[in-house]
Structure formats: structure tokens, C-alpha cells
Amino acid sequence: MRKLFLILILAGTVHLGWRHYTGTDIAGAATVAASTSPSLDELQTLARGVGPGEVVMYTTSECPYSAQARSWLSQYGFAYTDCNMSIDRRCEQEMQSYGGNGVPYLIVRGHHMKDGFDSDEFIAALRR
């Protein structure tokens, strides 16, 4: 029971940390969303403009941040190539050749997102 309690606390902490990192934390979420985030229509328009191979994401099956990035991209309909290092060693070699050392590592129309997935940076890279 004690281990379950600790796991739940850890999961909650990771969840809140991710929400803070992505700008969707509870305090001020509406202000952040209204001032910096594109509307759903804008996101869907951007997503329709993404062609095959324009977004490549290096991931692992075990990484919760990779899963969250996949979920966000899929939620808004963005096409992307998922190069999963847990499945394909070639993906790991490619990411290392770019200087990547953590996942998810994205390349968006030539822009390398070296610090993980950030929706604002992703959107800015698509708008270039």
C-alpha cells in the first residue's frame, strides 16, 4: 500500500510538472492560453499544411514525455514520422548524429528541438 501511495504521488508530481512546463498549469491556464496559444482552428490549419517527412520525432516506447508529445501531435492532427529507438537502432544512431541526448527529439522543417517537445517552439518552427 505504501508503494502504491508513493507511485501515485510521483505520477501526480510528474503530471503537474508537465502541465507547468507546457503552460497549461491550473493557476493562470486561461491567461496563458488566451495570450500565447493559437486557436483550435489555427492549429488545425497548421496541421493541414504539414507534409510527409516535415516533422520527425525521435522517441522511445518507455518515455512518458514521448507519449505526451505523440498525444499532442495526434490530438491536433499533425503528421509526423515517429522514429522509435526502442524498435529501430538506426533511429538512435540518427539522433546521436544530430547531437541529441534525450527524447523526444524533434526536427521540424529543419529546426532541431533539442530540449524536448514544447508546443510553442513547435508552432514557431512550422510558421517559419
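None of the values given here were measured: they were computed from a predicted structure. (Residues numbered from 1 in each chain as written. Predicted model: local features only at pLDDT ≥ 70, side-chain atom pairs only at ≥ 80, totals over all residues. Heavy atoms only, no water.)

1. Here we look at the environment of Ser 97
Here is step 1 of the chain: Inspection of the secondary structure assignment puts Ser 97 in helix α5 (residues 89-97).
Here is step 2 of the chain: Residue Ser 97 is classed as exposed on the basis of its relative accessible area of 57%. (Helix = DSSP H or I, 4+ residues; strand = E, 2+ residues; numbered from the N terminus. Buried < 20%, exposed > 50% of the residue type's maximum accessible area, 1.4 Å probe, protein only.)

2. Remarks on helix α6 (residues 119-127)
Here is step 1 of the chain: When we look at burial in α6, the residues that qualify are Ser 119, Phe 122, Ile 123, Ala 125 and Leu 126. Relative to the axis of α6, the buried residues are bounded by an arc of 160° and lie together on one face.
Here is step 2 of the chain: Where α6 is buried, its residues meet α3 (40-48), β1 (55-59), α4 (64-75), β3 (105-108) and β4 (111-113).
Here is step 3 of the chain: Put simply, Asp 118 is the residue that caps the front of α6, since its side-chain oxygen is 3.1 Å from the backbone nitrogen of Asp 120. (Arc of directions from axis to C-beta. Contact = heavy atoms within 4.5 Å. Polar contact = N/O pair within 3.5 Å; in protein donor to acceptor, adjacent residues only side chain to side chain.)

3. Observations regarding the packing of aromatic side chains
Here is step 1 of the chain: For the structure on display, the rule yields eight aromatic pairs.
Here is step 2 of the chain: Taking 5.6 Å as the distance between ring centres and 10° as the angle between the ring planes, the aromatic pair formed by Trp 72 and Phe 78 counts as stacked.
Here is step 3 of the chain: Judged by its relative accessible area of 17%, Trp 72 falls in the buried class.
Here is step 4 of the chain: Considering the side-chain rings of Trp 72 and Phe 117, the 5.3 Å spacing of their centres and the 50° angle between planes classify their relative orientation as tilted. Pair noted here: Trp 72 is in helix α4 and Phe 117 is in the loop between β4 and α6, with a separation of 45 residues, a long-range link.
Here is step 5 of the chain: Ring pairing ties together the aromatic residues Trp 72, Tyr 76, Phe 78, Phe 117 and Phe 122, which thus form one cluster. (Phe/Tyr/Trp six-rings, centres within 6.5 Å; stacked < 30°, edge-to-face > 60°.)

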